[in-house]
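Spelled out from the first residue to the last, the chains are:
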Protein chains: 2
Amino acid sequence: MNAAYDRLKSRFARIATLGEAQAMLHWDASAMMPPGGAVARGEQLATLAGLTHDLLAAPEVADDLDGAEATGEWDAPNLDLMRRAHLRASALPTQLVEAMARANSACENIWREAKAKADFPLVRPALTEVVRLQREMAQALSALTGLSPYDSLMEGYQRGVTAAEVEPVFTAYEAFLKDALPRAEAIQARRPAAIPLPGPFPVAAQKALCQRMSQRVGLDYAHARLDESLHPFCGGTPTDVRITTFYAEQDVAKALMGVLHETGHAQYERGLPEPWARQPVGEAAGMAAHESQSLIVEMQACRSDAFLGFLGGELRASFGGDPAAYSTANLAAHWRHVSRGFIRVDADELTYPAHVILRFRLERALIGGDLAVADLPGAWNDGFRALLGIAPPDDARGCLQDIHWHDGAFGYFPSYTLGAMAAAQLMCAARHDVAGLDDALALGDLRPLMSWLRERVHGQGARLGFQDLLRFATGKPLDPADFTAHLQSRYLEA
Amino acid sequence: MNAAYDRLKSRFARIATLGEAQAMLHWDASAMMPPGGAVARGEQLATLAGLTHDLLAAPEVADDLDGAEATGEWDAPNLDLMRRAHLRASALPTQLVEAMARANSACENIWREAKAKADFPLVRPALTEVVRLQREMAQALSALTGLSPYDSLMEGYQRGVTAAEVEPVFTAYEAFLKDALPRAEAIQARRPAAIPLPGPFPVAAQKALCQRMSQRVGLDYAHARLDESLHPFCGGTPTDVRITTFYAEQDVAKALMGVLHETGHAQYERGLPEPWARQPVGEAAGMAAHESQSLIVEMQACRSDAFLGFLGGELRASFGGDPAAYSTANLAAHWRHVSRGFIRVDADELTYPAHVILRFRLERALIGGDLAVADLPGAWNDGFRALLGIAPPDDARGCLQDIHWHDGAFGYFPSYTLGAMAAAQLMCAARHDVAGLDDALALGDLRPLMSWLRERVHGQGARLGFQDLLRFATGKPLDPADFTAHLQSRYLEA
């Protein structure tokens, strides 16, 4: 540790503080802002992003990085992360950054109309330009990082895992699913029909229940807020996390499962190592790691038989009606229902990876130059049929459904399934390490799970890349067998 | 207009955009933020303030100001305001700025305890340090602006009016009040006792009423929000104003009058000249001008007989109960009640200026070195007795009641009364220019008043200082006779 490193630490703390301001303004834009504030908000965020970029890419940073010395399990990776951040920020010519911002924003706007009209040709020119610029960026980054172009994009979302590692995992899952899906459907078909849940569910009672359940997960409202937005998300900062959900009077699961999911994200932020706050190494380890934390709460813990048993009592107390509707088996019949659908965000746990595998292959081909944007709808539909045996009736339910590509996000999609797999692997390890984990879940008590996660994941910040974090927490790198074993026991045992 | 001026315009737009981000974060801190977010928020705001200061005080700005040329009724004052802003930012050594930030923050914290305990000696050392640094700042600014030290501080809140102009206006008001207050009290005492307003007033119904009444003033909720905070305020940005209020179940006036007041502020921001957005000349003209806009809505328009007649019907529809309670005379008996009290923020329209006159004299003496902090409580109590004939029973109801001085705000207090006087003067001029203004108010229609204000005040931005703005809008500089005539007709005619 020397003066150059100390200067870098001060600068990165300033950069992180600007990032916090941006996070709050993003949250506000989704949860609070009246529509008339949108234009000014865009300027505010662009100005803060520009200042952040200037601070990151400044020539003094390169000089200090040349002279900086840092050792130890925190400072060494902290300096390494600074180096990567500077490299990524300075790798891209300003014209490219600006061209991307313009192209992404233009494409996103056209996409909204194209999706509403199920009209892919409408967005094709704009998306072609987005892809062209993403490829340019990927190549520029690749030249500096030594990673492949697609891996360079993936690294922007999750460090420490490559497409070459993801590929065989996804191929194996495709094979597993081919066999598992019809079996799960058959088992499901043999079960008695689910009893409808009593409804409607008054929004005020849903809010109170959601808040209480998030507190069960450990969320401390002295450092958090729960609000509403069209798309649920977790934003804010580690000492002031902001989660949102969307309430539907007819469907309590929408808000409730959304809140449990976002609480998993929130608890990750809350548990980041405080002494490293505002340093690169004090941040979360990446998007796949983040998704593992939302999914271990929502999918692994809260949709388990143990927790559903507890939750049934809570639901009955909140909403009344036929007690049989709140039995564990009946809640499972509703909330662990498998079905082949076209829409990723509505997909169940078993078929969700198919949606991601398709996107991973297509975006890799787009960035690699092996697929033209004009051929995307056909490739999508063929791929979808191969994976799930059905083909979308139109592009709105096909390649137009997600905002990601149309907003310039390539390399993000694998994070969803890597996160789901990591969640299963972490749950296995936690069950092994912590006696009575499921007994606690049956009492609605997530504290044993959350303290294990705080030690093994949250408290490690970004010290380790994805594979190394899993090695640290569970003793092995990504092992999809834990995920398929989980699916086996949940969906494939009659 | 030349290249140097264009560069300055770009830079000031950036500075204003950072200001918008800060405004949103301030709003959030008061209206939304959980308590655990306070420390991080302080850092975020300090970082943005630091960046803003760096952008303002940079040596390139001085060079561009030397070379800039701008003419015309907008560009010339715009360049002048840039010059003043740069001067003020660069006049103060960094150590002084930091020492003030620390001293103000320390004093504010101690003040909370001192006020709760009514213990002035507790805060005296901290306040002494705050005053010492304010004097240092005032002298540094004075050396550059050519204004007196106290005027240099006042200019930070309201340009274009000096203490030498304020002094005789306040002295004359003191004389007016000496006679008017006992007369108003006597007239009030002869009236029948007010009928209590039916209550409690359910918060949901209050919210709906407040929103509707703010819309009557013209507030467009596509560009605004109404929320709750401990102290009502107006924040946000011109295209996204955020007003807040505080609901008390027993007292509908608290929230309602608060919302009308803040809506006046909000409409000023909404009506600022759009082509000059994010330029110094496109901002509001100052704090006294701002207060004139909240008070013309709340005090001049909405507490008028005409509007109270309309409001009575709205209240009856919202809350029911004895119709006689909602008569204009009865609402006036409640909401235009005069009384000698110790607390500025609870004061009526007639006695409020006395609270401000006292503070103006004391803060001027503190900054001028004619009053020691140790002598403040005694000077306060003597001054209060001279103005209102009563003396505070303790310092919590005396010199400890306001946060302003303890947070380093000196030179702000006159704005309240200058604003009240300007509001009366503007209302006079509007009544003269716009036929049927009061007929419209009787129908709950503020559009005629608001369009006059938009043209004469809001749309002028910061082009003119306080006196010049009044000259432009009303044909004369500040003329307190309009205010005393208003008080005469409202409080002194039996």
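This structure is a prediction, so every number in the text was calculated from the model and none was measured.

Participant: What am I meant to see in the interface of chain A and chain B here?
Facilitator: Interface size, as often reported, equals the accessible area lost upon joining of the parts. Taken together, the 35 residues of chain A in the interface contact 35 residues of chain B. Between chain A and chain B the total buried area reaches about 2,600 Å² when both faces are included, carbon and sulfur atoms providing 61% of it. Seen at the junction of chain A and chain B, the total is six salt bridges. When the shortest N-O distance is used, the salt bridge between Asp240(B) and Arg41(A) registers 3.7 Å. Our enumeration of links across chain A and chain B arrives at 12 residue pairs in polar contact (both at pLDDT 80 or more). Within the residue set of the side of chain A that touches chain B, elements represented by two or more residues are α1 (3–31), α2 (38–57), β1 (224–228) and β3 (240–245) of chain A. Counting residues per element, the side of chain A that touches chain B draws most heavily on α1(A), at 10 residues. Across the side of chain A that touches chain B, the residue classes break down as 16 nonpolar, nine polar and 10 charged.

Participant: Could you clarify how one ought to interpret the relation of the copies chain A and chain B in this entry?
Facilitator: Two chain copies here: they are related by a rotation about an axis and a translation along the same axis. Rotating chain A by 180° and moving it 0.0 Å along the rotation axis overlays it on chain B with an RMSD of 0.0 Å. Here the two chains are linked by the operation of a two-fold rotation axis. Of all interface residues in chain A, 100% are interface residues in chain B too; the two copies therefore contact each other through one and the same surface.

Participant: I keep staring at unusual backbone geometry and nothing clicks. Help me out?
Facilitator: Residues and elements named next belong to chain A. The omega torsion of the bond from Gly199 to Pro200 falls at -5°, within 30 degrees of zero and hence cis. When you line up the elements, Pro200 lands in the loop between α8 (163–190) and α9 (203–217). Although it is not a glycine, Arg278 sits at a positive phi angle of roughly 70°. Mapped onto the secondary structure, Arg278 falls in the loop between α10 (252–270) and α11 (287–302).

Participant: Please clarify how the confidence of the model for chain A should be interpreted in this entry.
Facilitator: A low pLDDT means the predicted coordinates there should not be read in detail. Residue-level pLDDT values for chain A average 96, and 100% of them are 70 or greater. Overall fold confidence (pTM) sits at 0.94, and the ipTM for the predicted complex is 0.93.

Participant: When you look at the domain arrangement of chain A in this model, what are you seeing that I'm missing?
Facilitator: All names here are of chain A. According to the domain assignment, chain A consists of domain 1 (1–91) and domain 2 (159–494). Contacts between the two partners involve 22 residues from domain 1, matched on the other side by 22 residues from domain 2. Regarding the contact of domain 1 and domain 2, the summed buried area is about 1,900 Å², with carbon and sulfur atoms giving 66% of it. Looking only at domain 1, the three residues that lose the most surface to domain 2 are Trp27, Trp74 and Leu81, adding up to 37% of its buried area. Residues Glu73 and Arg463 are paired through a salt bridge, measuring 3.5 Å at the closest nitrogen-oxygen approach. Connecting domain 1 to domain 2 are six residue pairs in polar contact (both at pLDDT 80 or more). It is α1 that contributes the most residues to the side of domain 1 that touches domain 2, 12 residues altogether.

Participant: It is not clear to me how empty space enclosed by the protein should be interpreted in this structure. Could you clarify?
Facilitator: Where empty space is left becomes clear once a probe the size of a water molecule has been rolled over the atoms. All names here are of chain A. A complete count under the given rule lists five cavities of 30 Å³ or more for this structure. Its volume calculated, the largest cavity comes out at about 60 Å³. Those elements that provide at least two residues to the lining of the largest cavity are α11, α16 (414–433) and α19 (466–474). Classifying every residue of the lining of the largest cavity gives eight nonpolar, two polar and no charged.

Participant: Can you walk me through the environment of Glu174(A) in this structure?
Facilitator: Residue and element names in this part refer to chain A. Structurally, Glu174 is set in helix α8. Put simply, Glu174 and Leu388 are 214 residues apart on the chain and 9.4 Å apart in space, counted from C-alpha to C-alpha. Ignoring sequence-local partners within four residues, the contact set of Glu174 consists of Ile357, Arg361, Ala386 and Leu387.

Participant: Please explain the packing of aromatic side chains as it appears in this structure.
Facilitator: The geometry of an aromatic ring pair is captured by the separation of the ring centres together with the interplanar angle, meaning the angle of the planes. A complete count under the given rule lists 30 aromatic pairs over all chains for this structure. With 5.8 Å between their ring centres and 25° between their planes, Tyr173(A) and Phe483(A) make a pair best called stacked. You can see Tyr173(A) sitting in helix α8 and its partner Phe483(A) sitting in helix α20 (residues 481–491), a full 310 residues away along the chain. With respect to class, Tyr173(A) is no different from Phe483(A); both count as buried. Centroid distance Tyr173(B) to Phe176(B): 5.4 Å. Interplanar angle 50°. Geometry classified as tilted. Taken together, the residues span about one helical turn, with Tyr173(B) and Phe176(B) both in helix α8 (residues 163–190) at a distance of three residues. You can call Tyr173(B) buried: its relative accessible area is 2%. When the ring centre of Trp27(A) is taken as reference, the NZ or CZ atom of Arg242(A) above it lies at 4.4 Å.

Participant: So what exactly am I meant to see when it comes to the sheet that holds strand β1 (residues 224–228) of chain B here?
Facilitator: In sheet architecture, strand pairing relies on hydrogen bonds along the backbone and comes in two forms, parallel and antiparallel. Residues and elements named next belong to chain B. The three strands are arranged β1-β3-β2 in an open sheet whose pairing can be described as mixed. Edge positions in the sheet fall to β1 and β2 (234–237), since each of these pairs with one other strand and no more. Each neighbouring strand pair of the sheet contributes to a mean axis angle of 20°, computed without reference to strand direction. Inspection of the sheet shows β1 paired to strand β3 (residues 240–245) by five bridges, in the parallel sense. Bridging across to β3, Ala224 finds its partner in Val241.

Participant: Hey, could you run me through the UniProt feature "binding site: Zn(2+)" (unreviewed entry) in chain A in this one?
Facilitator: Residue and element names in this part refer to chain A. Those residues carrying the UniProt feature "binding site: Zn(2+)" (unreviewed entry) are His261, His265 and Glu291 in this numbering. Spanning 31 residues, the named residues form one tight spatial group whose C-alpha atoms are at most 8.9 Å apart. Residue classification places His261 among the buried positions, given a relative accessible area of 13%. For His261, the residues in contact, after removing those within four places along its chain, are Glu291, Ser294, Leu295 and Glu298. Note that His265 resides in helix α10. The class for His265 is buried, based on a relative accessible area of 11%. Those residues within four positions of His265 in sequence are excluded, and the remaining contacts are Cys234, His290, Glu291, Gln293 and Ser294.

What counts as what
Residues numbered from 1 in each chain as written. Chains lettered and ligands numbered in written order. Predicted model: local features only at pLDDT ≥ 70, side-chain atom pairs only at ≥ 80, totals over all residues. Heavy atoms only, no water. Contact = heavy atoms within 4.5 Å. Buried area = accessible area lost by both parts, 1.4 Å probe. Salt bridge = Lys/Arg side-chain N within 4 Å of Asp/Glu carboxyl O. Polar contact = N/O pair within 3.5 Å; in protein donor to acceptor, adjacent residues only side chain to side chain. Helix = DSSP H or I, 4+ residues; strand = E, 2+ residues; numbered from the N terminus. Nonpolar A, V, L, I, M, F, W, Y, C, P; charged D, E, K, R; others polar. Least-squares fit on C-alpha atoms with pLDDT ≥ 70 in both. pLDDT = per-residue confidence, 0-100. Domains from an automatic or database assignment. 1 Å grid on protein atoms, 1.4 Å probe; cavity = no way out; pocket = protein on both sides within 12 Å on 5 of 7 lines; lining within 4 Å. Points joined across faces, edges and corners; volume = space filled by probe spheres on them. Phe/Tyr/Trp six-rings, centres within 6.5 Å; stacked < 30°, edge-to-face > 60°. Buried < 20%, exposed > 50% of the residue type's maximum accessible area, 1.4 Å probe, protein only. Lys NZ or Arg CZ within 6 Å of the ring centre and 35° of its normal. Pairing = 2+ DSSP bridges. Axes fitted to C-alpha atoms, helices over the stretch in contact; angles between N-to-C directions. UniProt positions renumbered as here; feature names shortened; annotations may be inferred.

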